[in-house]
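# Notes for the structure review
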Amino acid sequence: MKIKWNGHASFTITAADGTVVVTDPYDPKAFGGVFEYDMVTDRADGVLVSHDHADHNHVKGLSGSPEVLKGSGKVGDISVKGIETAHDESGGKERGTNTVFFFEVDGIHICFVGDLGHQLSEEQIKEIGPVNVLLTPVGGTFTVDAEGAAELVKSLSPNVVIPMHFKTGKTRLPIAGVEDFLKVMGDANKTGKSEIDITSADIPTGGTEVWVLEHAC
């Protein structure tokens, strides 16, 4: 399986059989042009949209005719579980609802939490189940911040966590950079790459590791 971080909360995940799933593609022109990321144009079989904000639902930029999931469903042979959460700590009253997605690719359990704005309940954690790779926002303001993301990691106990939705040189959103999260978590593997190739044999077993990717777009 290949995992590529496009930028913001968008990943392109390619299974060994060629099935492609994209998460939360953004509109580069969203909110008055706060992004300098290029548009995500990958061919996709399925796209997971955590919520309908312009920086997370720009499906029309993708190639192909992807199945659009905003909740549970299937992309090819990949079963996707969607769990309703909130974009804030007020049950969605401030910024609406958010979907956490859990799915398995090539024997690896992936949890993409979208713009999660609160800690998960015990019931939600149980519904998600064991997580190998956690894709979580860490920038705060609109989502959990560094400390909140670290608490989420603690509750889900993933083998690998890949941070997203943080400030880079290509976004002017009022969010923090990844360094705040790394200070809380400790050591991290700064891969220097936008895409990694990973199999179940590559999953670390000695506790949670943080893998930082470079944006591809």
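Located above this text is the structure these notes cover.
Since this is a predicted model, take the numbers as computed values, not measurements.

The next thing to look at is the environment of Lys126. By the element assignment, Lys126 lies in helix α2 (residues 122-128). In this structure Lys126 comes out as exposed when scored by relative accessible area, which is 71%. When the C-alpha atoms of Lys126 and Glu89 are compared, they prove to be 20 Å apart, with 37 residues separating the residues in sequence.

You will see that Thr141, though not glycine, has its phi angle at about 65 degrees, which is positive. Here Thr141 lies in the loop between β10 (133-137) and α3 (146-156). In this structure Thr141 comes out as partly exposed when scored by relative accessible area, which is 47%. Here Ser157, not a glycine, exhibits a phi torsion of approximately 50 degrees, which is positive. Along the chain, Ser157 falls in the loop between α3 and β11 (160-164).

About the criteria used
- Residues numbered from 1 in each chain as written.
- Predicted model: local features only at pLDDT ≥ 70, side-chain atom pairs only at ≥ 80, totals over all residues.
- Heavy atoms only, no water.
- Helix = DSSP H or I, 4+ residues; strand = E, 2+ residues; numbered from the N terminus.
- Buried < 20%, exposed > 50% of the residue type's maximum accessible area, 1.4 Å probe, protein only.

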